[in-house]
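Listed here are the chains, written in short residue letters.
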Amino acid sequence: MIGLMVLFIYFVIVLMAWGISSACFDEKSKRYALKRGGVTLVVAIFPLYIYIPKKIYHDNKCSEVFYFHPDTRLERPSSIFVNGLFPFDNDTYFDSDVAKRYVENYKIDFLITSPSHDFSIDKYKSGGMEFKINGLSKESYSRSWFNKIISNTGYALVSRSTQFFGFVEEEVYIFDLKEGKKLSGYSLFYPVNKGSDSLESILSFGFKSCNAINSKSRVVSHQRELIKDTFK
C-alpha cells in the first residue's frame, strides 16, 4: 500500500514538473527541450532531496546502536524501579503479579513505578517522585513499610526516547542508584509508525529498525534480556 502511494506521488511530481517547465519557457526559444528537461529533472528528483539525508541519518544512527552489560552478573535484587517503559509509562494500576509476569518468572518481588516520565537519580533519592509498588498506591500499605521498600531499592530500569526526522531513538538503561552509574543498556532506532496512510510512514518507506540485540525479538523481550544479563 505504501509503495503504491509513493509511486503515485512520484508520478504526480514528475507530471507537475513537466507542466511547470513547459509553462516557464517559450517553445520557440533556443534549447527549449534542454531547459524543459533540466527543470523536469531537478523537480522530478525532489524525493531524493528527502531520501538521501534520511538515509545518511538512518545509517549513522544504526551504526551507533549499542548493547552492554556487566561481565559478571550481579546479585538479583528483590526490587527494581521501572520508569518510562510499557506498561509502566502511564498511571495505570496493575495486580500484584505484574513483576513476575513482566520478567517471565525471573524472581523480582517488587517493581516500583512512577507516573512521572522525567527521571533523575537525585530526584529519586530525595523522594521528589510519586511512587507505586506493582501499581498499588502507598495508601494501600503502611507508610513505614512502603518507604522501606523504596529506600532499599538500589537499581532502576529507565527508558529515554527522542523523535527526529521521522525516526525514534530509544535508550534503555539499568542504573545503580547508589553509585549513580549505568550498569547495562541498549538502544533502538526505528522509523515512526503512524499508520500506512501517514506522511511520516511514506517518507520513511524502506527504512528498517536497528538494534544490537536481536532484530527478531519483541521490544519487551529486550528489557527482560537486559535484566537477565545484568543480574543472576
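Residues numbered from 1 in each chain as written. Predicted model: local features only at pLDDT ≥ 70, side-chain atom pairs only at ≥ 80, totals over all residues. Heavy atoms only, no water.

S.K.: Can you tell me about the pattern of salt bridges, naming the residues and giving the values?
M.R.: When the charged atoms of two side chains with opposite charge come close together, those side chains can pair. For the structure shown, the criterion picks out four salt bridges. Across the pair lysine 61 and glutamate 64 runs a salt bridge, and its minimum N-O distance is 3.8 Å. For glutamate 64, a relative accessible area of 47% translates into the label partly exposed. Each of Lys61, Glu64 and Glu169 takes part in a single network of salt bridges with overlapping partners. (Salt bridge = Lys/Arg side-chain N within 4 Å of Asp/Glu carboxyl O. Buried < 20%, exposed > 50% of the residue type's maximum accessible area, 1.4 Å probe, protein only.)

S.K.: Describe helix α3 (residues 46-62), naming the residues involved and giving the relevant values.
M.R.: Here α3 contains 17 residues, and its C-alpha end-to-end distance of 25 Å stays within 8% of the 24 Å for a straight helix at 1.5 Å per residue. Taken as a whole, α3 has its buried residues at Lys54, Tyr57, His58, Lys61 and Cys62. The arc that holds the buried residues of α3, viewed along the axis, is 125 degrees, so those residues lie on one side. (Helix = DSSP H or I, 4+ residues; strand = E, 2+ residues; numbered from the N terminus. Expected span 1.5 Å × (residues − 1). Arc of directions from axis to C-beta.)

S.K.: Account for the pairing of strand β7 (residues 167-176), with residues named and values stated.
M.R.: The buried fraction of β7 is high, at nine of 10 residues. Looking at chain direction, strand β6 (residues 155-164) and β7 are connected through 10 bridges and run antiparallel. Following the sheet pairing, serine 161 is matched in β7 by glutamate 170. Hairpin connection between β6 and β7: a loop of two residues separates the two successive antiparallel strands, and phenylalanine 165 in this loop has a positive phi of roughly 60 degrees. Between β7 and strand β8 (residues 181-191), which pair antiparallel in sequence order, lie four residues; one of them, glycine 180, sits at a positive phi of approximately 70 degrees. (Pairing = 2+ DSSP bridges.)

S.K.: Residue-level account of the packing of aromatic side chains, with values.
M.R.: If you walk through the whole model with that rule in mind, you get 20 aromatic pairs. A ring pair is formed by tyrosine 57 and phenylalanine 167, whose centres lie 5.9 Å apart and whose planes are at 50 degrees; its orientation type is tilted. Placement of the pair is tyrosine 57 in helix α3 and phenylalanine 167 in strand β7, with a sequence separation of 110 residues. As far as the burial class goes, tyrosine 57 and phenylalanine 167 line up, both buried. Three or more aromatic residues joined by ring pairs form one cluster here, namely Phe66, Phe68, Phe81, Phe119, Tyr124, Phe131, Tyr173 and Phe175. Between lysine 54 and the ring centre of phenylalanine 165, over which it is positioned, the NZ or CZ distance is 4.8 Å. The ring of tyrosine 173 carries lysine 182 above its face, with NZ or CZ at 4.1 Å from the centroid. (Phe/Tyr/Trp six-rings, centres within 6.5 Å; stacked < 30°, edge-to-face > 60°. Lys NZ or Arg CZ within 6 Å of the ring centre and 35° of its normal.)

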